[in-house]
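# Structure assessment
Each chain is listed here by its residues.
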Amino acid sequence: MLKRISQFLARLAAPVARPLAVLAVPATILIAPQSLAAQEVAGRCTTTDSVVVRGAQRVNEVRIRTESGITKGNTLNFPTLQRSLKALYNMGEFHDVQILCDLESVPGQVLTVIKVEERAILGDVTVAGPKALSERSIKDKVDLLIGRSIDPLQVARGKARIDSTYEAAGYYLAKVTVDSTTMADGRLAVRYVVDEGRRLAISGIDIQGNQSVREKTIVGAMKTKPEGFWFFRKGEYDDDKYVGDLGERIPALYARLGHVDARIVKDTLLVDRDKGKGLVQIGVQEGPQFRVGSFEIAGNRHFNTEDLKKFYPFDGNESVTLTQRAKKLIFRRAEAPEGVFDQEKWDAALEKVNGVYRDNGYLYASVRPVVERRYEGADSTPVANLRWEIDEKNPAIVNRIEIVGNDFTSDDCIRRQVFLVPGGPFNQQALIRSYQSIGNMNFFEQPMAFPDYRPINDQGDVDIVFRVKEKRTGSVNFGASMGQGGVGFGGFVGLEQPNLFGLCKSGRLNWQYGRFFNDFTATYTDPALKGTRLSGALSAYRTQSRFIVGNLGQNIRTGSQFRLGLPTPWSYFSTIAVSYNGEAATFTSGTIAGSCSRNCFRSNLGLEYQYDTRVDMPFATQGSMRSVQVDFSGGPLGGTVNFQRVTTEMRAYALLGQLGGGNPGSQPVKFTMGLTARSGALFGNSGPFFFQQQFAVGGVMFGQALRGYPEFSITPLGFNPNTDQFRSDPASFGNAFMTMTGEIGLRFNQMFYFNVFADAGNNWASARQINPTRLFRSAGFGVSTVTPLGPLGLDMAYGFDRTTVNITTGQIVKDPRWQFHFRLGQLF
C-alpha cells in the first residue's frame, strides 16, 4: 500500500485524475521544483467536494464510501489516505484500490474518486491427483468458501498446507499447482493439481554419539526403517512415526537399558529431491548406565512391607506369565543386563502396586516412585537407589450404583452382572469385570463407555455410573435353498429374542426342513427364576432325520429338557446345574426298526459344573472356561438304555497385544492366543441312541469338531474317506474322544474374527484306549462373523493324516489334502 502511495506521488504533476496521496506529503518537500500552478492544483485536491466510486459492480457503493471514511469537506492527508486504503483492502472484496483526484468531470468541483477492481467470486474448488492420501483429506486443507471473493493469500495458504500434509506423509517429491477456469455464470473455479511423485525412501539411519547401545539396537526399536533388499522393505518415511521414534521409542529403549538420563541432542533429515532419498541423522547423549542400588518402602500401613516387596522387579522374584513369554518370542527386543535399572519394569511394578491398593478400596492411594541417582565407590559407579513413598489415604466405599441409558433392559437384569455392592469397598478389578460382564450380555452397543466413579464426600466415597446404549437384539430369520446332487429343496425359519421383556429372559423357535432333515426346537431360558439366583431353562424338540446311518434306517426323536442352575458360593464365575432330559425315538426302514420300533425311550439325569471368566465374547481374548458334565441314563431313571457319559472342556485365552484403543471404553484390534481341549467317554450301551450319545469326530457341523477332515471320518478304526455330512456308518461312532486346538487370533471387533489354528484329535472304542500320542493332525486358517442368521464361519484346513486306498495295490497310503468347512451356529 505504501508503495502505491509513492507511485501516486510520482504522478503529482498530472493535471487531472491524480492520486490524492500526493497531498499527504508536505509540498515543500515533494514539489519544490514544480510550478506554482501545480502547487495550486495539489492544494485544491486536499479538500473534497464529493466522493465518487468507480469500478464497483457487485459491492454496494454506499458500503465502499462508508468503509473509506472519506466524506464531503474532509481534509485529505497521508494518514487519512493510508487508513482509507487499509480499510478498503480489509473488506476482502478488491484486487486493486486507487484514490484519485478529478478536477475536470464537474467544473469547479473537486471529486475524490475511489477506483476499485473487484476480486472474482469462487464458484467451485476441486482437487485432482491424490492417490496415496484421500482426496477428502487434501480438500479439507483448502480454506476457501464458495460464493465468497477469492483471496490470493488464502489460495497460497491452501497450497502450502497441502505441501505440508504430503511432507508429513513422506512425499517430499510432491508438487502442487493451482489453476483456475471461468464458469458459465462468471464465477471462478479453482483447482489444486497434485503430482504426488513417489514417497521419500529412507536410504539409511545414522546414529551419532552412541557408545553403550549398538546402532542396530536403536534402529530396531524405531518404526522408521531404512529401505532393504526385500520388496517389503521400502523404507517409506512417515513423519508421525519419526516423531514417535524421537519422543517415545528411543528414550524408552535407553531407559529400559539403564540410561535414564539419555537424550536426543539433534535430529536431521537430509533429502535428495532428485533421487527421492533421505538420510536420517540422530545425535544421542547416552549418559551413564545406572545399576540398581538400595530399595525401601515408606508410608505403607494397610499392607506390610514384605507383601509389597513381592512386586519389586529387581530381586529376581518377578514372575513371567505365559503371555509375557509369548510376547518375548514374537516381539524380540533388547533387555537390560542383570542388575541394571530398567525403567519399564519399574513403571510396571508401580502400576501393580497401585492396582493392589485400588483393588482393596484405596482408590485415592498415592504411590510416588523415587529414583535417586548416586555415584558410589572409588570408581564412582552410577547407582539408582529406589523408593516407593506411599500415602494410602482412606479407603473408598461404594455409595450408589447407577445405570443410565437402559430404555428397555431392566436395572435388575444389568445389576446381576455387577460385582460391586453399595456399602462395600471399592475394587478396581471388580469394576472392570463388571464392565466386561455387561458387555458380554450383547444387549448394548459396543464399545461401551467406561463407568464413571465420582467422590461424594470428604472421605472419598464414590458413586458409580454405568452408561449403556440399547441395541436391537431380537431377530427373525428365514431362508430357502435348492441343492444339487439329490440334496433337494430346504430352508429354515427362526425367531429369537435373547432379552424377552427386557428381563434377560431368552426365547427361541427354530424350524429347519429339507430332504434329509425336519427339525423343530423351542427353548426358553430364565437367568433369575422369580428374582432369585437360580436359573432355569426349558426346551422341547422334534427331530426327523431323513439321512441314513449305515443300514439302521431313519429316525424321529421327540423330547424335552429342563435345566436348573445355581451359582456357587465360592466363586462369582462358577455355576452348578442339574438337568433332566426325556426323549422318545422311533426308527423306520432299518434293522433297528424291528428291535425297538416305537418303544425306544431315554431317561437322562445330568450334572454340570462350569467356571467361565472369558471376556470380549463371542470372540474371547482373555480369561478361561472349564466345564465338566456327567449324564446318567437308565437304571433307576427307567428307559430302554442304560449308560453313563462324561464330557470335559477347557479353554484358555491370553492377550498378546492390541492396536489402538488403549483407554477403557475403546474398541481396539486385539491379538490373542487360545488353547482348547475337549474329551469325553461313554460307559455302558447307548443302544439305538448311539448317534446322539456316542462320539463322532471330524468336520465342524456334527459331533466333535476336527477341521481338515470330513464329517464322521475319524473313527475308532482309523480314517474313513467315504463319509460326509449326508453319509455315515455305525463304525464312525466311538465311546471316547479327545480333541485339542491351538490358535492365534485377530479380533477386529465384536462381529469379526480371523485366526490361524492347529487341530488334533482322535476317536476310540473305549476310554481305556485313549492315547494322546495317536492323534489326527491338521492346520489352517479361518474367519468368523456374527450375522442376523447367527454365527457364521469359513475354515480352510489341511489334514496331515488323511489316507486312501491305492486302487492298484490295495494298500492304505497317505493322502493329505485341504478341506473347506462352512459353519453356521458354532464358534470355536
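This section reports on the structure supplied with the text.

Calculation rules
- Residues numbered from 1 in each chain as written.
- Predicted model: local features only at pLDDT ≥ 70, side-chain atom pairs only at ≥ 80, totals over all residues.
- Heavy atoms only, no water.
- Helix = DSSP H or I, 4+ residues; strand = E, 2+ residues; numbered from the N terminus.
- Buried < 20%, exposed > 50% of the residue type's maximum accessible area, 1.4 Å probe, protein only.
- Areas by Shrake-Rupley, 256 points an atom, 1.4 Å probe, with all protein chains shown as cover.
- Polar contact = N/O pair within 3.5 Å; in protein donor to acceptor, adjacent residues only side chain to side chain.
- Contact = heavy atoms within 4.5 Å.
- Salt bridge = Lys/Arg side-chain N within 4 Å of Asp/Glu carboxyl O.
- Core = buried A, V, L, I, M, F, W, Y, C linked by side-chain atoms within 4.5 Å.
- Expected span 1.5 Å × (residues − 1).
- Pairing = 2+ DSSP bridges.
- Axes fitted to C-alpha atoms, helices over the stretch in contact; angles between N-to-C directions.
- Phe/Tyr/Trp six-rings, centres within 6.5 Å; stacked < 30°, edge-to-face > 60°.
- Lys NZ or Arg CZ within 6 Å of the ring centre and 35° of its normal.
- Parallel < 35°, antiparallel > 145°, perpendicular 65-115°, else oblique.
- Patch = residues over 30% accessible without salt bridge, like charges linked within 9 Å, V, L, I, M, F, W, Y side chains within 5 Å.

Now for the overall build of the chain. Scanning the chain from terminus to terminus reveals 16 helices and 36 strands. Counting only residues that meet the buried cut, the chain has 43% of its 828 residues in that class. In the structure as shown, the chain presents an accessible area of about 42800 Å², 54% of it carried by carbon and sulfur atoms.

Before going further, it helps to spend a moment on the environment of Arg542. Here Arg542 shows up in strand β21 (residues 535-545). Taking C-alpha positions, Arg542 is 9.3 Å from Ala522, a pair spaced 20 residues apart along the chain.

The next subject is the side chain of Ser778. Within the secondary structure, Ser778 sits in strand β32 (residues 776-787). Polar contacts involving the side chain of Ser778 include one to the main-chain carbonyl oxygen of Arg707, which spans 2.5 Å. Beyond its immediate chain neighbours, meaning those up to four positions away, Ser778 contacts Arg707, Gly708, Tyr709, Ala758, Asp759, Tyr798, Gly799 and Phe800.

On to the pattern of salt bridges. Taken as a whole, this structure holds 37 salt bridges when the rule is applied. Where Glu583 meets Arg557, a salt bridge forms, and the shortest distance between an N and an O atom there is 3.1 Å. With Glu583 in strand β23 (residues 574-588) and Arg557 in strand β22 (residues 554-567), this pair connects stretches of sequence that are 26 residues apart. Comparing Glu583 with Arg557, the two get one shared label, buried. Residue Arg817 pairs with Asp815 through a salt bridge whose shortest N-O separation is 2.6 Å.

Counting 25 residues, the largest nonpolar core has Phe426, Ile438 and Ile464 as its most contacted members. When contributions to this core are tallied by element, the ones reaching two or more residues are β14 (398-404), α13 (411-415), α14 (428-440) and β16 (462-467). No other element matches α14, which puts 4 residues into this core. Setting aside its immediate chain neighbours within four residues, Ile464 contacts Val398, Arg400, Ile401, Glu402, Leu420, Phe426, Leu431, Pro451, Asp452 and Tyr453.

In this section: helix α9 (residues 239-256). For α9, with 18 residues, the first-to-last C-alpha span of 24 Å sits near the 26 Å given by 1.5 Å per residue. Turning to α9, its buried residues number three or more, namely Tyr242, Gly244, Asp245, Leu246, Arg249, Ile250, Leu253, Tyr254, Ala255 and Arg256. Elements in contact with the buried residues of α9: α8 (215-221), β9 (263-272), β10 (277-285) and α12 (343-359). Following α9 by one or two positions, Gly258 has its phi on the positive side, about 95°.

Ordered in space as β11-β13-β12, the 3 strands form an open sheet in which the pairing is mixed. Among the strands making up the open sheet, the edge pair consists of β11 (291-298) and β12 (366-376). Mean inter-strand twist for the sheet, computed between neighbouring axes without regard to direction, equals 20°. Of the pairings in the sheet, the one linking β12 to strand β13 (residues 381-391) comprises 11 bridges and is antiparallel in character. Note that in β13 the partner of Arg374 across the bridge is Val383.

Moving on, we come to α14. With 13 residues, α14 ought to run about 18 Å at 1.5 Å a step, and its terminal C-alpha atoms sit 18 Å apart, in line with that. Gln428, Ala430, Leu431, Arg433, Ser434, Tyr435, Ser437, Ile438 and Gly439 are the residues of α14 that are buried. Close packing links the buried residues of α14 with α12, α13, β15 (452-455), β16 and β24 (600-612). Its side-chain oxygen 3.0 Å from the backbone nitrogen of Gln429, Asn427 forms the N-cap of α14. Immediately downstream of α14, the backbone of Asn442 shows phi near 65°, a positive value.

Direction of pairing for β9 relative to β10: antiparallel, over a ladder of 9 bridges. Considered in β10, the bridge of Val271 is made with Gly278. With antiparallel pairing between neighbouring strands as the criterion, β9 and β10 make up a hairpin whose turn holds 4 residues, including Gly276 at a positive phi of roughly 70°.

Taken as a whole and assessed by the stated rule, the structure comprises 29 aromatic pairs. Taking 5.8 Å as the distance between ring centres and 65° as the angle between the ring planes, the aromatic pair formed by Tyr172 and Tyr237 counts as edge-to-face. Taken together, the residues span a long stretch of sequence, with Tyr172 in the loop between α7 (152-168) and β6 (175-182) and Tyr237 in the loop between α8 and α9 at a distance of 65 residues. Considered together, Tyr172 and Tyr237 belong to a single accessibility category, that of buried residues. Each member of the aromatic cluster is reached from another via a ring pair, and the members are Phe295, Tyr312, Phe314, Phe341, Trp346 and Trp388. Between the NZ or CZ atom of Arg707 and the centre of the ring of Phe757, over which it lies, the distance is 3.7 Å.

Next up on the list: the environment of Gln512. Along the chain, Gln512 turns up in strand β19 (residues 505-513). Distance from Gln512 to Phe478, taken between C-alpha atoms, is 9.4 Å for residues 34 residues apart in sequence. The contact partners of Gln512, leaving out residues within four places of it in the chain, are Gly491, Phe492, Phe517, Asn518 and Asp519.

Glancing now at the packing of helix α4 (residues 61-68) against helix α5 (residues 78-90). Running from amino to carboxyl end, α4 crosses α5 at an angle of 135°, the nearest separation of the two axes being 8 Å. What the angle tells us is that α4 and α5 run oblique. Across the interface between the two elements, Ile64, Glu67 and Ser68 of α4 pack against Ser84, Ala87 and Leu88 of α5.

A few words now on a nonpolar patch on the surface. On the surface, Ile744, Phe748, Met751, Phe752, Phe754, Val756, Phe781 and Trp818 cluster together to form a nonpolar patch covering roughly 690 Å² of accessible area. Among the elements that take part in the nonpolar patch, strand β31 (residues 752-764) stands out by supplying 3 residues, more than any other. If you trace the backbone, Phe781 turns up in strand β32. For Phe781, a relative accessible area of 40% gives the class partly exposed.

So, on to unusual backbone geometry. Between Gln446 and Pro447 the backbone carries a cis peptide bond, its omega angle lying at 0°. Looking along the chain, the bond that leaves Met617 and enters Pro618 is cis, with omega of 10°. With respect to the secondary-structure elements, Pro618 resides in the loop between β24 and β25 (623-633). The backbone phi angle of Asn442 is positive, close to 65°, even though this residue is not glycine. In this structure, Asn442 sits in the loop between α14 and β15. Although it is not a glycine, Asp616 adopts a positive phi angle of roughly 65°. Within the secondary structure layout, Asp616 lies in the loop between β24 and β25.

None of the figures reported here should be taken as evidence of function without further support.
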